[in-house]
Amino acid sequence: MTNRTVYSILAIVLVFGVYGYEFFLNKKEEQAIVDSGREIKTPTVAFFLPTSTTGQVVHHQGYSLSYSESHEQAEWVAYELKKEHLSQTNFERPYFEIDKAVKTGAANWRNYKNSGYDRGHLCPAADRRYSKEAHDETFLTSNISPQNHDFNSGIWNTLEQKTRYWASKYNGVFVVTGGVLGRNLKTIGSEKVAVPNQFYKIILDYNDGNPKVLAFLMPHVNSIKPLYEFVVSVDTVEELTGIDFFPELEDAIETRIEALSDYRKWRF
DNA sequence: CTGTGTTAC
DNA sequence: GTAACACAG
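Thresholds applied
- Residues numbered from 1 in each chain as written.
- Chains lettered and ligands numbered in written order.
- Predicted model: local features only at pLDDT ≥ 70, side-chain atom pairs only at ≥ 80, totals over all residues.
- Heavy atoms only, no water.
- UniProt positions renumbered as here; feature names shortened; annotations may be inferred.
- Helix = DSSP H or I, 4+ residues; strand = E, 2+ residues; numbered from the N terminus.
- Contact = heavy atoms within 4.5 Å.
- Pairing = 2+ DSSP bridges.
- Axes fitted to C-alpha atoms, helices over the stretch in contact; angles between N-to-C directions.
- Near = heavy atom within 4 Å.
- Polar contact = N/O pair within 3.5 Å; in protein donor to acceptor, adjacent residues only side chain to side chain.
- Nonpolar A, V, L, I, M, F, W, Y, C, P; charged D, E, K, R; others polar.
- Buried < 20%, exposed > 50% of the residue type's maximum accessible area, 1.4 Å probe, protein only.

Chain A carries the name Endonuclease in an unreviewed UniProt entry, which gives Bizionia echini as its organism. Quoted verbatim from the Sequence similarities (unreviewed entry) field of UniProt, the annotation for chain A is "Belongs to the DNA/RNA non-specific endonuclease family." According to UniProt, the comment filed for chain A under the heading Cofactor (unreviewed entry) is "Mg(2+)".

K.L.:
I'd like to hear about the UniProt feature "binding site: Mg(2+)" (unreviewed entry) in chain A, residue by residue, with values.
P.N.:
Per the UniProt record, "binding site: Mg(2+)" (unreviewed entry) is found at Asn 152. The topology assignment puts Asn 152 in helix α3 (residues 149–153). With sequence-adjacent residues up to four places away left out, Asn 152 is seen in contact with Asp 118, Gly 120, Gln 147 and Asn 157.

K.L.:
Give a description of the sheet that holds strand β9 (residues 198–205) that names residues and reports values.
P.N.:
Here 7 strands make up an open sheet; going across it, the order is β1-β2-β3-β6-β9-β10-β11 and the pairing antiparallel. In the strand order of this sheet, the two ends are held by β1 (57–59) and β11 (231–232), each with one partner. Looking at chain direction, strand β6 (residues 173–179) and β9 are connected through 6 bridges and run antiparallel. Note that in β9 the partner of Gly 179 across the bridge is Phe 199. The sheet contacts of helix α4 (residues 155–169) involve β3 (73–81), β6, β9 and β10 (212–219), and relative to β9 the element is tilted by about 5°.

K.L.:
Any chance you could break down the protein's contact with DNA strand C for me, citing the residues and the numbers?
P.N.:
Inspection of the region around DNA strand C gives Tyr 95, Arg 110, His 149, Asp 150, Ser 153 and Asn 157 as its neighbouring residues. Near the protein, within 4 Å, the atoms of DNA strand C are sugar or phosphate in 42% of cases. Tyr 95 places a polar side-chain atom, nitrogen or oxygen, 2.9 Å from a base nitrogen of DNA strand C. Note that a phosphate oxygen of DNA strand C is positioned 3.4 Å from one of the side-chain N or O atoms of Arg 110. At 3 residues, α3 tops the list of elements feeding residues into the surface near DNA strand C. Classifying every residue of the surface near DNA strand C by side-chain character gives 1 nonpolar, 3 polar and 2 charged.

K.L.:
Which residues make up unusual backbone geometry, and what values go with them?
P.N.:
Both trends apply: most residues other than glycine have a negative phi, and most peptide bonds are in trans. Unlike most non-glycine residues, Asn 171 shows phi in positive territory, near 60°. Its place among the elements puts Asn 171 in the loop between α4 and β6. On the basis of relative accessibility, which here comes to 48%, the residue Asn 171 falls in the partly exposed class. Here Lys 192, not a glycine, exhibits a phi torsion of approximately 55°, which is positive. Classification of Lys 192 by relative accessible area gives exposed; the value is 53%.

Here it is, written out as structure tokens:
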């Protein structure tokens, strides 16, 4: 065998070897995309997850969500906000990305462009600043809802800041949040992303044997009223949305705390 | 903190 | 598309 033949064989093996390896990598990546969003990630505690009325629950590293295809947004986003999650790190704002883990296709961010509405985070970027990955993951289109800017930067922002305060004060809380979705809502963009008329946020402190819960229901309008004016019972939000928020909680506890709209155990 | 829009490559 | 910058509640 001449040297030339040996080199030719080596070259062929090399080329096909690289091609095969890249093919293998691509397959692996495709599989990862298909599988992504199926598994409950460690920062999210399955015990606290609400029921889904849409049948499409997606799990990310930093939060879980239930996607409503007809409204092109999540009906709820749930995550644990631990005290150690709170961080002062200031990451650069990335671009929004379509959430590939949503099988029916999550909304394109272009629906929001020039719509007059903010891309309002459901799980706030500021709640996931413990790592760049967690922070950037909040910029998926499955985690946003059209929000009036005055509302988003106003009382909703105030509520988000207060939630971080409670996470710090009570050594972590569990948060579920979303817009109240329904029929005949105004829509934006070619994909008709629904604009909720109300937003809710439910905060659970489950650290000691005496769990306490707080539910907020806010009209989609800014307000200068104090936050506690918007406290309702969890039952109220459940009736409005059809979602069962803490199905795994012991029934007796669930019945008791969900009926309350008493905020005296919480410091405002 | 919460965001948007414009300009230039 | 991406990056830099100005702007607003």
